[in-house]
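Residues per chain are reported as follows:
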Amino acid sequence: MAHMGERGGQAYGKRQNGSQQSPDGGMYSVEWSSDRLQEMMCPPLPGQVPVEPKVTWTCSTPTRLTAQGAVEASPANKNSTDALPLDEVDGNVIHTVKRSVFSESQPSPLKEPLTLAAVSQDVLRNILDLNESVIQNEEFVRCVSGGKLFPGSVPLAHRYGGHQFGYWAGQLGDGRAHLLGEYTNRKGERWEVQLKGSGKTPYSRSGDGRAVIRSSVREFLCSEAMHFLGVPTSRALSLVVSEEPVWRDPFYNGSVIKERGAVVLRLAKSWFRIGSLEILTRTGELDVLRTLLDFVIKEHFKSIATNDPDKYVVFFSRVLNETAHLIAHWMSVGFAHGVCNTDNFSLLSITFDYGPFGFMESYDPNFVPNTSDDEGRYSIGAQANVGLFNLQKLLEALKPLLTSDQLSQSQQILREYPQIYHQRFHELFKAKLGFLGNEEKDSYVIAFLLKLMEDTGADFTMTFRQLSEVTLSRLQKGSFAPSLWALSDLSSHKHFRDWVQLYLQRLSRIMSDSDEERQHRMQGVNPRYVLRNWMAESAIRKAEKNDYSEVTLLQKTLMEPFMEQEEAERAGYASKPPSWAQQLRVSCSS
């Protein structure tokens, strides 16, 4: 795997029978600066002298490429990922992989012509340290779509398994994703850079390794939307669309249609997931399990001492806490992931693998965005329980490495999950209602409101948002202008006035608090805009006709979801969903 850093990077990997070898027996190593990354994506103008990467074979002292192309000696700074075993089978041959964490796999470039449909300027500038000018160059498009590799990059596909819809599914892995490398930016943050939709890998099974426009638009937009909502998530740099035909059966009913291929370049601090560990336990590869787990702890849980005999217990406790907090955060913005399998649950407790997700409109605990989920296993109201199931599977994966006492401790930690989740849920919903401090009946006020919303089908996002915008005097009167349509729906409930009285009494006990201060607090946590499925669908339909204007508008809108925006209002993004939105369906097909 290549390491792309401001101060340099390193390509590394280790096969079961030894390291990647140079002709003279050294480790293959290539490094470059962030300036080199910029130059690669935006080559010199005519008359300028291009800076070529300097590749060197070295055993202990990697070289560093400066912006001027000079080679300097630098202390060895070997990342421990080189201890993670690589598959011995070269190429994209589909097979059962053993005793490996990664397989080398080359991306398959999309057929040209290519269109750069969208770019996240925030990711470009603040994560990758790149100037906006790079997106004007064809080299950029090739780099972010799999047509050209970064110097020294050894693309990898990750091997993992997982429980899908409650059942062990065996080997899964990155079937259409390629890990290009790791980038360390000027802030010292390390990000793993991955292409999605970039072709077959050893884990593609019967798939073609591609992704289509509709799923790629959704992944790009939702990754960025969740970030700006404050929810831990992977990020998306770019969306590249091609004319390459891709055949799909969107609803698994035999109606195959021709779509077009697309690639998203996405980033995360780590793509390791619960299934990364499960596959190793299931196949009895306990030495590889220990190696991978030690790596994850060392690299991503730095507060856990590597020599702590209970480090695996502490690790499990951290993952459990953060997973509970993540799902509570999902609930606070009405987000249903759609496919909460263990292979889609991050060890770092971030949201990733955006597929048939949905932001709930009318409040309904049984809301299921994924039409492939016939039994409603992953309904929005079941997400907390599914989180518990997935954590149980994580503990099963860790079990062979635990003593009996450590297993008992971990089981006790697992029993604490419901309390941790409910406490965080309670805190987030108190903030949504503008409460300060704690009162015994706060949970009742929250539950009462959610019941009214369920009975009336009131819009989840806009009910809370309009509560943050309405004055308390207007709320008490109970008559609402058409612009407050969600509150108007809610007020049709016979117990609405009872709830309002409880709510107003609770707010009145907050000392030295004005209505304006309450509104300001609430508007900072209750978004006016979320990526509703009908909004994404509208952008997709245009994108499929080579019109990316609504992708751009949604991206701009969702960067400031808590601020009222004129263009978004004209587009109806805070209005009642159109009638056709109720007929929308999304599935696992992508």
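Our subject is the structure that appears above.
Chemist: Looking at this model, I keep getting lost on the overall build of the chain. Mind explaining?
Modeler: Across its full length, the chain holds 19 helices and 20 strands. By the burial criterion, 58% of the 590 residues in the chain qualify as buried. Put simply, of all contacts in the chain between residues at least 6 apart along the chain, 70% involve residues at least 24 apart. Taken as a whole, the chain presents about 24,100 Å² of accessible surface, with 49% of it coming from carbon and sulfur.

Chemist: Looking at this structure, how should I read the packing of helix H5 (residues 274-282) against helix H6 (residues 286-300)?
Modeler: When two helices pack together, you describe them by how their axes are tilted relative to each other and by the distance separating the axes. Closest axis-to-axis distance for the H5/H6 pair is 8 Å, and the angle between their directions is 160°. Taken together, H5 and H6 sit at an angle that is classed as roughly antiparallel. For H5 against H6, the interelement crossing comes out left-handed. Within the contact between the two elements, H5 uses Ser276, Leu277, Leu280 and Thr281 and H6 uses Leu286, Val288, Leu289, Leu292 and Leu293. Of the residues in the contact of H5 with H6, the class split is seven nonpolar, two polar and no charged.

Chemist: I would appreciate a short explanation of the environment of Lys542 in the present structure.
Modeler: Position of Lys542 relative to the elements: it lies in helix H17 (residues 533-543). For Lys542, a relative accessible area of 33% translates into the label partly exposed. Every residue in contact with Lys542, bar those within four places of it in the chain, is listed here: Asp547, Ser549 and Glu550.

Chemist: When you look at the packing of aromatic side chains in this model, what are you seeing that I'm missing?
Modeler: The geometry of an aromatic ring pair is captured by two quantities: the separation of the ring centres and the angle between the planes. Summed over the entire model, instances satisfying the criterion amount to 24 aromatic pairs. Measuring from centroid to centroid gives 5.9 Å for Phe435 and Tyr503, while their planes differ by 40°, and the two rings are tilted. Of this pair, Phe435 sits in the loop between helix H10 (417-432) and helix H11 (442-456) while Tyr503 sits in helix H15 (residues 496-508), placing them 68 residues apart in sequence. The exposure class assigned to Phe435 is buried, which follows from its relative accessible area of 5%. What makes Tyr503 buried here is its relative accessible area of 0%. One cation-aromatic arrangement involves Arg273 over Tyr160; the distance from NZ or CZ to the ring centre is 4.4 Å. We note Arg541 situated over the ring of Trp580; from NZ or CZ to the ring centre the distance is 4.9 Å.

Calculation criteria
- Residues numbered from 1 in each chain as written.
- Predicted model: local features only at pLDDT ≥ 70, side-chain atom pairs only at ≥ 80, totals over all residues.
- Heavy atoms only, no water.
- Helix = DSSP H or I, 4+ residues; strand = E, 2+ residues; numbered from the N terminus.
- Buried < 20%, exposed > 50% of the residue type's maximum accessible area, 1.4 Å probe, protein only.
- Contact = heavy atoms within 4.5 Å.
- Areas by Shrake-Rupley, 256 points an atom, 1.4 Å probe, with all protein chains shown as cover.
- Axes fitted to C-alpha atoms, helices over the stretch in contact; angles between N-to-C directions.
- Parallel < 35°, antiparallel > 145°, perpendicular 65-115°, else oblique.
- Left-handed = near helix turned anticlockwise from the far one by under 90°.
- Nonpolar A, V, L, I, M, F, W, Y, C, P; charged D, E, K, R; others polar.
- Phe/Tyr/Trp six-rings, centres within 6.5 Å; stacked < 30°, edge-to-face > 60°.
- Lys NZ or Arg CZ within 6 Å of the ring centre and 35° of its normal.

Such coordinate-based values are descriptive only and should not be taken to indicate function.
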